[in-house]
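Structural overview for review
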Amino acid sequence: MLEQALKYGIKAAGAVGVGMVLYDAHKEGVRKADIEVRKGNANAALDWYDNSRNLTSPSRINMRLKDKLFNWEITHNLRAFVNTGIGYVKGFAGMLTEDVIPMGLSIAAIATKGTAAKVTGAALGAYSVFAFAKNVLGIGAETKNFSDKPI
C-alpha cells in the first residue's frame, strides 16, 4: 500500500513539476510577446513618421499618400501578429532553457520505474526545496539592490 502511494506520489510530483515549468514558460512567452509588439510598433512608428514628414519634392499628392501610408502603418495588425509570435517563442524557449533541470527531473520522475523513479523523485524533491529556499525565501540569492540586506 505504501509502495503504491509512493509510486503515484512521485508520478504526481513529476506531473506537477512539468505543469509548473510549462505554466512559467507560457507566462514568460506572453510577457515577451507583449514587449516585442510594443518595441516593434514604436520603432516602426518612428520610421514611418519620419518618412511621412520628409518629401523629396513639394508635391501635395505625395504628401497625402505618405500621410495615408503612415496612418495605415500605425493601424494595421500584421506587424503585431508577427512580433507576437516571435516574442512568444523567445520567451517560451528562454524559460524552458532556464528551467531545464526541474523539467528533466519532472519528466524522469514520470517516465522511470522502480529505484530510478525513487531516485528522480528524491532529486526532484531536493531541487524543489532548494529552489523554494533560494527563489522564494531569498536564501543564498544575490542582492540586486547593492546593499547588504536581502531584497
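Secondary structure summary: the protein contains 5 helices and 0 strands in total. Start at the N end of the protein and walk to the C end: the helices and strands fall as α-α-α-α-α. The C-alpha radius of gyration computed for the protein amounts to 25 Å, which surpasses the reference 15 Å derived for 151 residues by more than 25%, pointing to a less compact arrangement than a globule. Across its three principal axes, the protein shows a C-alpha extent of roughly 85 × 40 × 15 Å. Here the protein, with 151 residues, has 24% of them falling under the buried criterion. Looking at the protein alone, contacts between residues at least 24 apart form 67% of all its contacts between residues at least 6 apart. Of the charged side chains in the protein, 19 are positive and 13 negative, and the gap between their average positions amounts to 5 Å.

All chains considered together, the criterion is met by 6 salt bridges. A salt bridge links D34 to R38, with the shortest nitrogen-to-oxygen separation between them at 3.0 Å. Here D34 and its partner R38 are both found in helix 1 (residues 2–53), 4 residues apart, which amounts to about one turn of the helix. For D34, a relative accessible area of 39% corresponds to the partly exposed category. Under the relative-accessibility criterion, R38 is labelled exposed at 56%. In this structure, the salt-bridge partner of E36 is K90, at a minimum N-O distance of 3.4 Å. Placement of the pair is E36 in helix 1 and K90 in helix 3 (residues 78–98), with a sequence separation of 54 residues. Linked through salt bridges whose partners overlap, the residues forming this network are E36, K39 and K90.

Next up on the list: the packing of helix 1 against helix 3. Contact geometry of helix 1 with helix 3 gives a least axis separation of 6 Å together with a crossing angle of 140 degrees. Helix 1 and helix 3 meet at a crossing whose hand is right-handed. Along the lines of polarity and charge, the residues of the contact of helix 1 with helix 3 split into 13 nonpolar, 8 polar and 6 charged.

Looking at the element boundaries, E28 is found in helix 1. Reaching out from E28, the side chain makes a polar contact with the side chain of R31 at a distance of 2.9 Å. Filtering out sequence-adjacent residues up to four positions away, E28 remains in contact with G91 and M95.

The next point concerns helix 5 (residues 114–136). Helical periodicity: at 3.6 residues per turn, an α-helix aligns residues three or four positions apart in one direction. With 23 residues, helix 5 extends 32 Å between its outermost C-alpha atoms, agreeing within 8% with the 33 Å of an ideal straight helix rising 1.5 Å per residue. Each element contacted by the buried residues of helix 5 is listed here: helix 1 and helix 4 (100–111). After helix 5 finishes, the residue G138 shows a positive phi value of roughly 80 degrees.

Inspection of the secondary structure puts G85 in helix 3. Taking the C-alpha atoms as reference, G85 lies 9.0 Å from E36; in sequence the two are 49 residues apart.

Analysis parameters
Residues numbered from 1 in each chain as written. Predicted model: local features only at pLDDT ≥ 70, side-chain atom pairs only at ≥ 80, totals over all residues. Heavy atoms only, no water. Helix = DSSP H or I, 4+ residues; strand = E, 2+ residues; numbered from the N terminus. Rg over C-alpha atoms; globule rule 2.2 N^0.38 Å. Buried < 20%, exposed > 50% of the residue type's maximum accessible area, 1.4 Å probe, protein only. Contact = heavy atoms within 4.5 Å. Lys, Arg positive; Asp, Glu negative; His and termini not counted. Charge placed at Lys NZ, Arg CZ, Asp CG, Glu CD. Salt bridge = Lys/Arg side-chain N within 4 Å of Asp/Glu carboxyl O. Axes fitted to C-alpha atoms, helices over the stretch in contact; angles between N-to-C directions. Left-handed = near helix turned anticlockwise from the far one by under 90°. Nonpolar A, V, L, I, M, F, W, Y, C, P; charged D, E, K, R; others polar. Polar contact = N/O pair within 3.5 Å; in protein donor to acceptor, adjacent residues only side chain to side chain. Expected span 1.5 Å × (residues − 1).

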